[in-house]
Amino acid sequence: MNATRPPSSCAPRLLALCGGVGGAKLALGLERLYGEAVSIVVNTGDDFEHLGLHVSPDIDTVLYTLGGRSDLERGWGRAGETWQFMKALHELGGETWFQLGDRDLAMHVERTRQLRANVSLTDITRDIAEKFGIAATILPMSDDRVETTVITANAAMPFQRYFVEKQCTPVVKRIEFRGAERASASDAVLAALRNPGLEAIIICPSNPYLSIDPILSIRNLRSALKEAAVPIVVVSPLIGGQAVKGPTAKIMAELGVPAESRALVAHYAGLIDGIVIDEQDRADAAGLGLPVCVAPTLMRNLEDRTRLARTTAEFAIKLTARASQTSGGAS
Ligand code: GDP
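Residues numbered from 1 in each chain as written. Predicted model: local features only at pLDDT ≥ 70, side-chain atom pairs only at ≥ 80, totals over all residues. Heavy atoms only, no water.

(A) How the structure looks around the sheet that holds strand 8 (residues 172-178). Strand order in this open sheet of three strands is 7-6-8, and the pairing throughout is antiparallel. In this open sheet, the two strands that pair with only one neighbour each are strand 7 (156-158) and strand 8. Mean inter-strand twist for the sheet, computed between neighbouring axes without regard to direction, equals 30 degrees. In this structure, strand 6 (residues 147-152) lies alongside strand 8, joined through six bridges in antiparallel fashion. Note that in strand 8 the partner of Glu147 across the bridge is Arg178. (Pairing = 2+ DSSP bridges. Helix = DSSP H or I, 4+ residues; strand = E, 2+ residues; numbered from the N terminus. Axes fitted to C-alpha atoms, helices over the stretch in contact; angles between N-to-C directions.)

Next up, the structure:
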């Protein structure tokens, strides 16, 4: 898939914040257009230890998607997957609530082996991305553990228990990012944010509460984002008040927030300089109080992904141009 990618020496240097499936759709578009000029900072708040293995669901979604190995029909995991391990585990009476395909299992076994040999998650991810032929740099948000924990009326649930085992049915009262106060962004993430060539930061259309907030919960990552003198734009994960997939709108309702563009702008207040919303939500644009780009945001195929990636990048970079024109005019 790299063969069609244009040389990226003159591509705009971009950094994206990304969760899993929704975020990876746009990340793929960015990677196909701008290749190695793109850095993707990925949520690791969903990471957990399962069957003695370290599982990094969002990192793997991004690796499989950009590496051309994802199962597009099922919407998660690897293409051409087989399930012999799960069948054998079931026969033994083992824990089967979290599906691990045979090919996927190889990722978790090898990653866990390397982590135990003191290789960092950042280095392991870089190595696998290279083996998968991915031009963009994929960066775990941190090498420290941050655990997204969903607080319901009567339980504090690790993310995967809520998302996979309970199928997002419990009512969410609050979400905590345990360990965030001690966690640091990796040096690689900080270097990408401080790269003087960086032109824009894009928040992918990921779940703001479960996928982006864990990234923002890391103090030095959030301050480096704010200090980066480039525009930050978010692509809305909502279309017509609904999430395309997953619990974003349900969680917003449970937290007492309307599932609409202005709630997203309020959620990211003080951080973003612009928002990309869907054509269906055009009527929202006037009242948002910041630059808005209205575009088709439903990404059904690769063409949709690259189109939205280009629209978003050009929108963000124009904000840069406007900012420098303004300061140029003032001086
Ligand atoms: P997860 O970690 O696998 O749940 O994935 P993310 O947090 O990255 O993405 C979930 C969000 O992606 C949901 O809120 C969806 O509404 C959003 N999403 C998925 N596909 C699309 C799409 O084609 N367009 C837009 N705008 N949002 C999408």
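Past the structure itself, the notes keep going.
(B) Broad picture of the pattern of salt bridges. Within this structure, the stated rule accounts for 16 salt bridges. With its nearest N and O atoms 2.9 Å apart, the salt bridge here joins Glu165 to Arg161. Taken together, the positions of Glu165 and Arg161, both in helix 6 (residues 159-165) and four residues apart, correspond to about one turn of that helix. Across the pair Glu181 and Arg182 runs a salt bridge, and its minimum N-O distance is 3.1 Å. Within the structure, one salt-bridge network assembled from shared partners comprises Glu95, Arg161 and Glu165. (Salt bridge = Lys/Arg side-chain N within 4 Å of Asp/Glu carboxyl O.)

(C) Representation of the site of the ligand within the structure. Not every one of the 21 residues close to the ligand is listed here, only the nearest: Ser206, Ser211, Pro237, Thr248 and Thr297. A distance of 3.5 Å separates an oxygen atom of the ligand from a polar atom in the side chain of Asp58. Interatomic distance of 2.8 Å between a backbone N/O atom of Pro205 and an oxygen atom of the ligand. In terms of residues, the shell around the ligand owes the most to one element, helix 1 (residues 21-34), which gives four residues. Here the residues of the shell around the ligand sort into eight nonpolar, ten polar and three charged. (Near = heavy atom within 4 Å. Polar contact = N/O pair within 3.5 Å; in protein donor to acceptor, adjacent residues only side chain to side chain. Nonpolar A, V, L, I, M, F, W, Y, C, P; charged D, E, K, R; others polar.)

(D) Just the packing of helix 1 against helix 2 (residues 57-66), in detail. The N-to-C vectors of helix 1 and helix 2 enclose an angle of 40 degrees; their axes lie 9 Å apart at closest approach. Relative to helix 2, the element helix 1 lies oblique. In this structure, helix 1 crosses over helix 2, and the sense of that crossing is right-handed. Residue-level inspection shows Val21, Ala24, Ala27, Leu28 and Glu31 of helix 1 in contact with helix 2, the latter providing Thr61, Val62, Thr65 and Leu66. The class makeup of the residues in the contact of helix 1 with helix 2 is six nonpolar, two polar and one charged. (Parallel < 35°, antiparallel > 145°, perpendicular 65-115°, else oblique. Left-handed = near helix turned anticlockwise from the far one by under 90°. Contact = heavy atoms within 4.5 Å.)

(E) Representation of the environment of Leu225. Examined against the element boundaries, Leu225 turns out to sit in helix 9 (residues 219-227). Take Leu225: its relative accessible area is 1%, and that puts it in the buried class. Separated by 185 residues in the primary sequence, Leu225 and Ile40 place their C-alpha atoms 13 Å from one another. Those residues in contact with Leu225, other than ones at most four positions away along the chain, are Leu17, Leu193, Ile201, Leu216, Ile232 and Leu271. (Buried < 20%, exposed > 50% of the residue type's maximum accessible area, 1.4 Å probe, protein only.)

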